[in-house]
Structures are given as C-alpha cells and as structure tokens.
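A structural walkthrough
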Amino acid sequence: MSLEERYRAVLQRVAKACEASRRDPSSVTLVAASKNQPVAALLEMYDLGQKEFGENRLQEALPKIAALPTDVTWHFIGRLQSNKARKAADAFDVIQTLESKAQLREIDKSCKVVDGLIEVNIADEFQKNGLSVDYVDEFLQEVLNSTHVHFRGLMTVGPALDDPEKMRMYFRRLRELGERLGSQWLSMGMSGDFDVAIQEGATHVRVGTALFGPRPQ
Ligand SMILES: *Cc1c(COP(=O)(O)O)cnc(C)c1O
C-alpha cells in the first residue's frame, strides 16, 4: 500500500468510529507517530494534508522539525528525561508525557509555553511510563502551578493486548479520570485500537504503523 492509501484508510477508520459514536470527526486529532520514519515519509504525509506529528526522541526529532514546514504541530510522545525537558519544550508544541516535578522545573526554563498532558499508567503496570492513577491529583496541582505548561489533559499508552475490545475498560477509565480532573484532551489509542479509543472519547489518537507501514529499525 502507498502512504496515500494508508492515510486514506486511517482517515476512514476515524470517520467510521466517529459515526458509530455520534461524534464530530473534527473533535478527533490524528497525530502521526513518526518515530524511526525518514523525513521523506513525513514530508509526503504533510503533502497529503497531515499537520500533527508525534516524535519519541528529541535528538531524532530536531532535524525533522527543522525540515518540515512551520505550520506543523509537534507532539512529544516518548519518555522525557528531565535533563532534556527544557529543549523539548523549546522545540515541541505539546508534551504528552508529563510525569515528574523535575520535568516541570526544566520546562519552566523554556522560552515558550507548551500544551501539556499528564501520562497515566492506567492499568498500573509494573515498570511502565506514566503516573499511577493514585498520584495524578497531586501531580496535577504541580502542573497547574507550572508557568510554562498549559494543562490540557491526559495521555495513556495502556497495556499491549491482542484484542482492542479488551482496551475499552482502560480507555473508559482514562476518560472518567479526565472528566473528574477537567481534562479537555484525551490522548489514547494507537494503530490497533484507536477505533475503540475514539468510541470512548479520545480527542487525540497516536497512529504509527497503520499510517506509515512497518517501522524501519
Ligand atoms: C510508537 C507509538 C505510537 C504508535 O504506535 P503504532 O502501534 O505504530 O500505531 C503511539 N504512541 C506512542 C507513545 C508510541 O511510542
């Protein structure tokens, strides 16, 4: 399949999931998860109309950000070491993986304000990125006190399960937590399960392989 065919197929899946849940497709933002993909693939996706990209590593992202037009919205979706958080905030528009005070302290030294999502370890998995549900309330206060983060909502990766239906309860749990915390955005759902995530209220889906094909290693 060409990138264009993949892109059309993903947009169709988004539209179908929106229809099934009576949502306006404009309420769902497709974030192209472009880690390991070459700049040429991002440029081709951009030319097809894709304007939001998610990258996992700062060093990999910087040349891509420099190479693409300036109207792209860049989401940081990887694990963010605090010693790289200021530079990440300088380069990205959205940081989706907030989980520590040390990150916030560094982001507050940035030259600009970023939109921020708290990453939640929604299934309480051992050694998984993100905060346990129990710590999110307390950390939210820190995010709200940050001078350079505009709190937008919650993000989760969730467990890797064979059946997307099994993800539904986790997506629902994130939505309920988000509703309680006044979250506007919910970033959840990837190539295998974003349809279910949209039905459960995702505002942002992060899609890699379904858009680009298998990731080059
Ligand atoms: C790679 C990645 C994705 C996309 O995964 P696919 O299964 O390829 O769609 C989404 N979110 C995060 C945080 C990722 O690292």
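In the block above lies the structure referred to throughout.
Now for a quick tour of the structure. (Residues numbered from 1 in each chain as written. Predicted model: local features only at pLDDT ≥ 70, side-chain atom pairs only at ≥ 80, totals over all residues. Heavy atoms only, no water.)

1. Some details on helix α6 (residues 133-145)
Where α6 bends most, at Phe139, the angle is about 30°. Turning to α6, its buried residues are Val136, Phe139, Leu140 and Val143. Elements in contact with the buried residues of α6: β4 (94-98), α5 (101-107), β5 (114-119), β6 (149-155) and α7 (168-181). (Bend = angle between axes of the 7 residues up to and from the residue. Helix = DSSP H or I, 4+ residues; strand = E, 2+ residues; numbered from the N terminus. Buried < 20%, exposed > 50% of the residue type's maximum accessible area, 1.4 Å probe, protein only. Contact = heavy atoms within 4.5 Å.)

2. Focus: the site of the ligand
Taken together, Ala33, Lys35, Asn56, Ile77, Val157, Met190, Ser191, Arg206, Val207, Gly208, Thr209 and Arg215 are the residues near the ligand. At 2.9 Å from a nitrogen atom of the ligand is found a side-chain nitrogen or oxygen belonging to Arg206. The separation between an oxygen atom of the ligand and a polar side-chain atom of Arg215 is 2.8 Å. Bound to the protein, the ligand loses 87% of the 390 Å² it would expose on its own. Of the residues assigned to the shell around the ligand, the class counts are 5 nonpolar, 4 polar and 3 charged. (Near = heavy atom within 4 Å. Polar contact = N/O pair within 3.5 Å; in protein donor to acceptor, adjacent residues only side chain to side chain. Areas by Shrake-Rupley, 256 points an atom, 1.4 Å probe, with all protein chains shown as cover. Nonpolar A, V, L, I, M, F, W, Y, C, P; charged D, E, K, R; others polar.)

3. A word on the pairing of β6
Across the 7 residues of β6, 6 count as buried, placing the element largely inside the fold. As paired strands, β5 and β6 are joined by 6 bridges and run parallel to one another. For Ile118, the partnering residue across the bridge sits in β6 and is Leu154. Handedness of the β5-α6-β6 crossover: right-handed. Sheet analysis places β6 next to strand β7 (residues 185-187), joined by 3 bridges and oriented parallel. In the strand pairing of β7, Gly153 is matched with Trp185. With respect to chirality, the unit in which β6 leads through α7 into the neighbouring parallel β7 is right-handed. (Pairing = 2+ DSSP bridges. Right-handed = clockwise from strand over helix to strand, strands pointing away.)

4. What about unusual backbone geometry?
Despite not being glycine, Asp124 shows a phi value in the positive range, around 50°. Tracing the chain through its elements places Asp124 in the loop between β5 and α6. Residue classification places Asp124 among the exposed residues on the basis of a relative accessible area of 51%. One non-glycine residue, Gln127, adopts positive backbone phi at about 55°. Within the fold, Gln127 resides in the loop between β5 and α6.

5. Here's the deal with the pairing of strand β2 (residues 52-55)
As paired elements, strand β1 (residues 29-33) and β2 share 2 bridges and run parallel to each other. Bridged to Ala33 within β2 is Gly54. Each parallel crossover has a hand, and for β1 linked through helix α2 (residues 39-48) to β2 it is right-handed. Inspection of the sheet shows β2 paired to strand β3 (residues 73-76) by 4 bridges, in the parallel sense. By the bridge assignment, Glu55 is partnered in β3 with Phe76. Chirality of the crossover, the property in question, places the unit of β2, helix α3 (residues 58-67) and β3 among those that are right-handed.

6. Here's the deal with the side chain of Ser146
Along the chain, Ser146 turns up in the loop between α6 and β6. On the accessibility criterion, Ser146 (9% relative accessible area) is buried. Excluding its chain neighbours within four sequence positions, the residues that come into contact with Ser146 are Leu104 and Asp108.

7. Details of the nonpolar core
A general trend in soluble globular proteins is that nonpolar side chains are found buried together. Formed by 61 residues in total, the largest nonpolar core has its most connected members in Phe53, Phe92, Ile118, Leu154 and Leu211. Here the element with the most residues in this core is helix α1 (residues 3-20); it accounts for 6 residues. Excluding anything up to four places from it in sequence, Leu211 contacts Leu3, Arg6, Tyr7, Val10, Leu30, Ala32 and Met45. (Core = buried A, V, L, I, M, F, W, Y, C linked by side-chain atoms within 4.5 Å.)

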